[in-house]
Amino acid sequence: MFFRSKTLIGSTSAALGLLAAGGARAEWGLNFPPPAAGVAQEIFDIHMMTMGIATVLLVIVFAFVFYSLYTHRKSRGYEADQHFHETWFGHWSWVIIPVMVLGVDLTIASKADAVLKKVWEVPEGKDFLDVKVTGHQWWWEFDYLDHDIKVESRYIPEEESQELYLREVDNRLVLPNNTKVRFLHTSADVLHAFWVPELGFKKDAIPGYVTETWADLNREGVFRGQCAELCGTWHSRMPLVVEVVSEERFAEWKEEQNQLKVAALAEASADKTWSMDELMAKGKEVYDTKCAACHQVTGLGLPPAFPALKDSPVAKGPIAGHLDIVLNGKEGTAMQAWGSMNDLEIAAIVTYERNAWDNNTGDVVQPADVKQAR
Ligand SMILES: [Cu+2]
């Protein structure tokens, strides 16, 4: 007996300790985050209704338990009723109570069924903003199909993001408020999952398939989620940040994106010969964002999965072979084709890889060389 009560005290204080430690670290919140879309609000409402019903039942059941224990305690000499089942209530309680429970269950289930249908059936119509969301190892790609805008979104390293480490990205998914958005989910490599709690749904991104979800946005703000499907060593580094802005701000943002695109295109197609220093500087920037997840900033890779580029036979071998693997990737491996980057970016990365980390080949690859290799 003594031993048992000691373990009880021990485990209770351990549990309290855990609670205290968790409370100190986590943001103190009691409920789900407030929804930012109509359907998400309906899901939230079912949750609140269920909590309400559960609370009422809890009070009734506990009141009954405490009353029974108190009134029928042994010290009062209470004797168990041997004939309860012969009374009217004893008879019918076996029917009435399950029927009441079933009534509660069906109330919740019918509401849930109606909302689930809404979540499931993406409405048809032209008044939607279509965004294709592609999961990659380990970043997100957002294509605004009606606006010809493409956004690449990657986590920000700890030094720069600090307390928002793994919660912030370089380019957010910017969406206009009071708009219905249709998301088309797919993946370029393995399974990922799009999950932003304020939007109310979670959807797998499956290579080779396109699945749909939608949200009728109704609140401005920044909503943070993450990839919710284990997708490899950097799964934890796929935060999702949705920023819902006013319609005017969204129009501005679109304009900014278009200008950026035009500027990048003009830079890349300029008939210019770049210096080694220019290419190295640009190459490092692009390499660190797009390639370092696997090949590492140090160029040492993570063998055997991701080969080192320092002293790599490809990075120090013929330029043609190097350009080929970057442009076309290598089928059946995590090395995807990077041909969607512009000539300048590829020229810069390849120059960088051939000269960084003591590779020192002295080779300078120009955008014109990349154009020819395509
Ligand atoms: Cu993922």
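Residues numbered from 1 in each chain as written. Predicted model: local features only at pLDDT ≥ 70, side-chain atom pairs only at ≥ 80, totals over all residues.

### Overview of the domain arrangement of the protein chain
Domain boundaries in the protein chain define domain 1 (30–77 + 86–121), domain 2 (128–265) and domain 3 (270–373). Using C-alpha coordinates to define each centre, domain 1 is positioned 38 Å away from domain 2. If you tally residues by element for the side of domain 1 that touches domain 2, the top one is helix α2 (residues 38–71), at four residues. Looking at the side of domain 1 that touches domain 2 residue by residue, the classes come out as nine nonpolar, one polar and no charged. (Domains from an automatic or database assignment. Helix = DSSP H or I, 4+ residues; strand = E, 2+ residues; numbered from the N terminus. Nonpolar A, V, L, I, M, F, W, Y, C, P; charged D, E, K, R; others polar.)

### Regarding the sheet that holds strand β3 (residues 149–153)
Judged by pairing direction, the sheet is mixed, and its five strands sit side by side in the order β3-β2-β1-β5-β8 without closing on themselves. Across the chains shown, the open sheet's two edge strands, defined by having one partner strand only, are β3 and β8 (211–216). Direction aside, the axes of adjacent strands within the sheet are offset by 25° on average. In the sheet, strand β2 (residues 139–144) pairs with β3 via five bridges, with the strands oriented antiparallel. Looking at β3, one finds that F142 is bridged to V151. (Pairing = 2+ DSSP bridges. Axes fitted to C-alpha atoms, helices over the stretch in contact; angles between N-to-C directions.)

### Topic: unusual backbone geometry
With an omega dihedral of -5°, the bond running from Q137 to W138 counts as a cis peptide bond. One can find W138 in the loop between β1 (128–136) and β2. The omega torsion of the bond from P303 to P304 falls at 5°, within 30 degrees of zero and hence cis. Relative to the helices and strands, P304 resides in the loop between α7 (292–295) and α8 (319–328). Notably, D358 is not glycine yet its phi reads approximately 60°, a positive angle. In this structure, N360 takes a positive phi of about 35° despite not being glycine. The residue N360 is located in the loop between α9 (343–355) and α10 (367–373) in this model. In this structure N360 comes out as exposed when scored by C-beta crowding, with 10 C-beta atoms within 10 Å. (Buried ≥ 20, exposed ≤ 12 C-beta atoms within 10 Å, placed from the backbone.)

### What about the environment of A315?
One can find A315 in the loop between α7 and α8. With 27 C-beta atoms packed within 10 Å, A315 lands in the buried category. Between the C-alpha atom of A315 and that of E353, which follows or precedes it by 38 residues, the distance is 6.3 Å. Leave out the neighbours within four places in its chain, and A315 touches L309, H322, E353, R354 and N359. (Contact = placed C-beta atoms within 7 Å.)

### With respect to the pairing of β2
Here is the key point about a regular strand: its side chains alternate between the two faces of the sheet. Note that β1 and β2 share six bridges and pair antiparallel. Within β2, the residue paired with V133 across the bridge is F142. Two successive antiparallel strands, β1 and β2, enclose a turn made up of two residues. Here β2 folds back onto β3, and the loop between the two strands holds four residues, one of which, D148, carries a positive phi near 55°.

### What to know about the packing of α2 against helix α3 (residues 88–120)
Two numbers describe how α2 lies on α3: the axes approach to 10 Å, and their chain directions differ by 170°. Taken together, the axes of α2 and α3 are roughly antiparallel relative to one another. Listed contacts from α3 to V39, E42, I43, I46, M49, T50 and I53 of α2 are V104, I108, K111, A112, V115, K118 and V119. In the contact of α2 with α3, the residues fall into ten nonpolar, one polar and three charged. (Parallel < 35°, antiparallel > 145°, perpendicular 65-115°, else oblique.)

### Overview of the sheet that holds strand β9 (residues 221–226)
Read from one edge of the open sheet, three strands run β4-β10-β9, paired in mixed fashion. The strands lining the two open edges of the sheet, one partner per strand, are β4 (173–176) and β9. With direction set aside, neighbouring strand axes in the sheet form an average angle of 25°. Of the pairings in the sheet, the one linking β4 to strand β10 (residues 239–245) comprises four bridges and is parallel in character. Bridging from a neighbouring strand, V174 pairs with E243 of β10.

### Let's talk about the confidence of the model for the protein chain
Per-residue pLDDT for the protein chain has a mean of 89; in total, 93% of the residues score no lower than 70. Contacts of residues 1–6 to residues separated by more than four positions or lying in other chains number zero contacts, the stretch itself having pLDDT below 50. This stretch, residues 20–25, has a pLDDT under 50; its non-local contacts, to residues over four places away or in other chains, come to one contact. (pLDDT = per-residue confidence, 0-100.)

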